[in-house]
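# Reading the structure
The primary structure of each chain is shown beneath.
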Amino acid sequence: MRLVMDTSALLSLEAGKILDLVIENFELVIPKRVEEELKGISKNHDFEGNMAKRIFSFLEDEIKVIDASKHSEEGELECVYLANDLNVEFLITDDTAALEKLEKICKKKIAFSTTLLSALIIKNELSKKEAINILERMRVKRNWKDNIIFEQAKSLLENY
C-alpha cells in the first residue's frame, strides 16, 4: 500500500518508535516541502530535531521524495497535491488544525498516523497490546492530551 506522509505524521511514527516497521510494510512517499521541513527541524538540538535527523536518513532509499505538480509553503497542502497526483491509498497527517482544509481538496482518503497501528494489527505485525503501548508512547512524546488523534486510535484499538 502506497501512502503520502506529512511531517507531523512522520514525527509521530518516529516518536512511537514504529517508523521502521511502517517502512517495512508500506510504500511511503513525501513531497519536496516535507523534505525541506524535516531538514529545518533537524537543525534543532532537541527531541524533535533528533527525530527529524533519523527520518531524514530514510529519505530516497526507504521514503521516496517526489515533486508534486503544485507547490506550497505548507507541507500539508503539498502532500494533498502529491496524493492527488499519484496512485496512493491514503494521505497520512497528524495536523488536526489543517484537516478540514485538506479534506476539501484531497481526492484521496485522509487518515491519522495512528490508523497504521490498526493496519499493522491486521497484517499480524503487531499485537493489540503492542499497538496500545505504541499509542501511549506517541501520546506522551507528541504531547497529545485528549486530542482527536489519540481518542480515535484508542477507540479503534479497543475493537481488536
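See above for the structure.
Quick caveat: nothing in here was measured; it's all calculated off a predicted structure.

## A short note on the environment of Lys17
Mapping Lys17 onto the fold places it in the loop between helix H1 (7-15) and helix H2 (19-25). Judged by its relative accessible area of 66%, Lys17 falls in the exposed class. In this structure, the C-alpha to C-alpha distance between Lys17 and Met5, residues 12 residues apart in sequence, is 16 Å.

## Looking at helix H7 (residues 115-122)
Every buried residue belonging to H7 is among Leu116, Leu117, Ser118, Leu120 and Ile121, and all of these are buried. Where H7 is buried, its residues meet strand S1 (2-5), H1, H2, strand S4 (90-92), helix H8 (128-141) and helix H9 (148-158). One or two steps after H7, the chain reaches Asn124, where phi turns positive at roughly 60 degrees.

## Remarks on the packing of helix H3 (residues 32-41) against helix H4 (residues 47-58)
To characterise two packed helices, one gives the angle between the axes of the helices and the distance between these axes. Two elements in contact, H3 and H4, have axes separated by 8 Å at closest approach and are oriented at 135 degrees. By the angle class used here, H3 and H4 are oblique. In this structure, the crossing between H3 and H4 has a hand that is left-handed. Along its contact with H3, which presents Glu35, Leu38, Lys39 and Ile41, the element H4 presents Glu48, Gly49, Ala52, Ile55 and Phe56.

## Some points on the side chain of Thr7
By secondary structure assignment, the location of Thr7 is in helix H1. Residue classification places Thr7 among the buried residues on the basis of a relative accessible area of 5%. A polar contact is formed between the side chain of Thr7 and the side chain of Glu37, at a distance of 2.5 Å. Excluding residues that lie within four positions of it along the chain, Thr7 makes contacts with Val34, Glu37, Leu38 and Ile41.

## Observations regarding the pairing of S1
By the bridge criterion, three bridges tie S1 to strand S2 (residues 27-30) in an arrangement that is parallel. Residue pairing across strands places Arg2 opposite Glu27, the latter belonging to S2. Pairing of S1 with S4, which is carried by three bridges, proceeds in the parallel orientation. Bridge pairing in S4 places Leu3 opposite Phe90.

Cut-offs applied
The written sequence of each chain sets the order in which its residues are numbered from 1. Only residues with pLDDT of at least 70 get local features here, since the model is predicted, and only at 80 or more are side-chain atom pairs given and counted; chain-wide, interface and lining totals rely on the full set of residues. Calculation of side-chain values draws on the structure's entire complement of heavy atoms; hydrogens and water are dropped beforehand. Strands are runs of DSSP state E lasting at least two residues, helices are runs of H or I lasting at least four, and both sets are numbered from the N terminus onward. Note on classification: 1.4 Å probe, protein chains only; a residue is buried when its accessible area is under 20% of the maximum for its type, exposed when over 50%, partly exposed between these limits. The contact criterion used is simple: two residues touch if any of their non-hydrogen atoms lie within 4.5 Å. Between N-to-C directions, angles span 0 to 180 degrees; the directions come from axes that are lines fitted to C-alpha atoms, helices contributing only their stretch in contact. Convention used here: angles under 35 degrees read as roughly parallel, angles over 145 as roughly antiparallel, angles from 65 to 115 as roughly perpendicular, and any remaining angle as oblique. Each crossing is labelled by how the near helix is turned from the far one, with a counterclockwise turn of less than a right angle marking it left-handed and a clockwise turn marking it right-handed. In the analysis that follows, any N or O atom pair within 3.5 Å is treated as a polar contact, provided that within protein one partner can donate a hydrogen and the other can accept it, and provided that, for residues neighboring in sequence, both atoms belong to side chains. Here a strand pair is declared whenever DSSP counts at least two bridges between the two strands.

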